[in-house]
Amino acid sequence: MRKLALRIRYCGTAYHGWQRQEKDITVQEVLERALAITCEEPIRVVGCGRTDAGVHAERYCVSFDSNTKIPLDRLPIALNTRLPDDIVVEAAVEAPDDFNAILSCIKKEYTYQIRNSRIRDPFTAPFSYFYPKPLDHERMARGAAAFVGTHDFSAVRSVGTQTKTTVRTVHHFEVERVGEMIRLRVCANGFLYNMARAMVGTLLYVSEGKIAPEEIPALLEKGNRRLTGPTVPPQGLALTRLWYDGVVGQMMDN
């Protein structure tokens, strides 16, 4: 029995999130089905985190135990023949016995894309939030900087999952405009349910003048979800980077 780790990527449009569910199709279910056929044994994977329905992943890590003798350089190819076009396995490595895709993850980065133009673009629509009103990305960047640090993020999370603590550390939160696309990249040691999308929604309020950038620390201290911005739609969000130690970290960075 070996501990294996995979680097995968997926378009989340057709799935009800990552985590296996009883009635709705999920990325985990589809991947485990392909693994069971390919490895000729039942397999349950551990994912690096939950992504909601419609959210994407440019970088995602899973771990699992297997007796398969398939060479690791051939395993992605074998799996991809049994996966739909919107899920791809990019690499596989043998990980330490105590490796766990979620517990061993040091930090994660999500990127949210906003299509800020008067006319929507059908080619970017599945991967961005169409927002026709003008946005002040520089003001949003000042607001994003106020989220950086260790805080209680209760004010920007939705109730839906149990967690021991709502304190997280945001390492960076960057906002840039490239033409009509605004990209917001936020990196933290962990994310609460809908935390990234609620922070982006709060920055929309900052752009519109409903919240001042310097008010954000006080709003976090109050911990009242009703005082911050809305939870923006899922299709603009993608998990874009993961940090691990050792051989898995090398695989994720390649």
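Preceding this paragraph is the structure being described.
Residues numbered from 1 in each chain as written. Predicted model: local features only at pLDDT ≥ 70, side-chain atom pairs only at ≥ 80, totals over all residues. Heavy atoms only, no water.

Novice: When you look at the overall build of the chain in this model, what are you seeing that I'm missing?
Specialist: Summing up its helical and strand segments, the chain has six helices and ten strands in all. Taking 18 Å as the expected radius of gyration for a compact globule of 254 residues, we find that the chain reaches 19 Å, a close match to that expectation. C-alpha extents for the chain along the principal axes are approximately 60 × 40 × 35 Å. Within the span of the chain, comprising 254 residues, buried residues form 52% of the whole. Summed over all atoms, the accessible surface of the chain reaches about 12,400 Å², with 49% contributed by carbon and sulfur. Of the charged side chains in the chain, 33 are positive and 30 negative, and the gap between their average positions amounts to 4 Å. (Helix = DSSP H or I, 4+ residues; strand = E, 2+ residues; numbered from the N terminus. Rg over C-alpha atoms; globule rule 2.2 N^0.38 Å. Buried < 20%, exposed > 50% of the residue type's maximum accessible area, 1.4 Å probe, protein only. Areas by Shrake-Rupley, 256 points an atom, 1.4 Å probe, with all protein chains shown as cover. Lys, Arg positive; Asp, Glu negative; His and termini not counted. Charge placed at Lys NZ, Arg CZ, Asp CG, Glu CD.)

Novice: Sorry, what's going on with the pattern of salt bridges here?
Specialist: Here the idea is simple: oppositely charged side chains can pair when their charged atoms come close. The tally for this structure, following the rule as stated, stands at 14 salt bridges. A salt bridge links E32 to R44; the nearest nitrogen and oxygen atoms lie 3.5 Å apart. In this pair, E32 is assigned in helix α1 (residues 27–39) and R44 in the loop between α1 and β2 (46–47), connecting sequence segments twelve residues apart. Residue class for E32 comes out buried when judged on its relative accessible area of 2%. You can call R44 exposed: its relative accessible area is 58%. Via salt bridges that share partners, R7, R9, R59 and E90 belong to a single interconnected network. (Salt bridge = Lys/Arg side-chain N within 4 Å of Asp/Glu carboxyl O.)

Novice: Just checking my understanding: could you explain the pairing of strand β9 (residues 181–188) for this structure?
Specialist: Of all eight residues that make up β9, six are buried, and the element is covered over most of its length. Pairing of strand β8 (residues 167–178) with β9 involves eight bridges; the strand directions are antiparallel. Counted as the bridge partner of R177 is I182 from β9. Counting the residues in the hairpin turn of β8 and β9 gives two residues, including G179, whose phi is positive at 65°. (Pairing = 2+ DSSP bridges.)

Novice: Any chance you could explain the side chain of T111 here in plain terms?
Specialist: Looking at the secondary structure, you find T111 in strand β5 (residues 107–115). With a relative accessible area of 7%, T111 lands in the buried category. Separated by 3.0 Å, the side chains of T111 and T240 make a polar contact. Contact partners of T111, with chain neighbours within four places excluded, come to R183, L184, R185, G236, L237, A238 and T240. (Polar contact = N/O pair within 3.5 Å; in protein donor to acceptor, adjacent residues only side chain to side chain. Contact = heavy atoms within 4.5 Å.)

Novice: Would you take a moment to explain the nonpolar core for this structure?
Specialist: In globular proteins that are soluble, nonpolar side chains generally tend to be buried together. Core analysis: the largest hydrophobic core is formed by 76 residues, its most contacted members being L6, C61, I114, L184, L203, Y244 and V248. Broken down by element, the residue count for this core peaks at eight residues, all from helix α4 (residues 195–208). Other than its neighbours up to four places away in sequence, V248 contacts A5, C61, V93, A95 and F99. (Core = buried A, V, L, I, M, F, W, Y, C linked by side-chain atoms within 4.5 Å.)

Novice: Is there a simple way to think about the packing of aromatic side chains in this case?
Specialist: In this description, an aromatic ring pair is defined by two values, namely the gap between the centres and the angle between the planes. With the rule as written, the count across this model stands at six aromatic pairs. Here Y110 and F191 contribute two aromatic rings whose centre-to-centre distance is 5.0 Å and whose plane-to-plane angle is 85°, an arrangement assigned as edge-to-face. Here Y110 is found in strand β5, whereas its partner F191 is found in the loop between β9 and α4, with 81 residues between them in sequence. Ring geometry for F147 versus F173: centroids 5.9 Å apart, planes at 40°, classification tilted. (Phe/Tyr/Trp six-rings, centres within 6.5 Å; stacked < 30°, edge-to-face > 60°.)

Novice: What should I look at first to understand helix α6 (residues 246–253) in this one?
Specialist: Spacing of three or four residues puts side chains on the same side of an α-helix, whose turn is 3.6 residues. Of the positions making up α6, those classed as buried are V248, G249, M251 and M252. For α6, the buried positions fall inside an angular range of 160° around the axis, keeping them on one side. Those residues of α6 that are buried lie in contact with β1 (2–10), β3 (56–66), β4 (87–94) and β10 (237–243). (Arc of directions from axis to C-beta.)

Novice: Please clarify how the packing of helix α3 (residues 137–147) against α4 should be interpreted in this entry.
Specialist: Helix-helix packing is described using two parameters, namely the angle between the two axes and the distance between the axes. Where α3 meets α4, the axes come as close as 9 Å, and the angle between the chain directions of the two elements is 135°. Considering the angle they form, α3 stands oblique to α4. As α3 runs across α4, the sense of the crossing is right-handed. Taking contact as the criterion, the partners of R139, M140, G143, A144 and F147 in α3 are, on α4, M199, T202, L203, L204, V206 and S207. Looking at the contact of α3 with α4 residue by residue, the classes come out as seven nonpolar, three polar and one charged. (Axes fitted to C-alpha atoms, helices over the stretch in contact; angles between N-to-C directions. Parallel < 35°, antiparallel > 145°, perpendicular 65-115°, else oblique. Left-handed = near helix turned anticlockwise from the far one by under 90°. Nonpolar A, V, L, I, M, F, W, Y, C, P; charged D, E, K, R; others polar.)

That is the geometry; function is a separate question.
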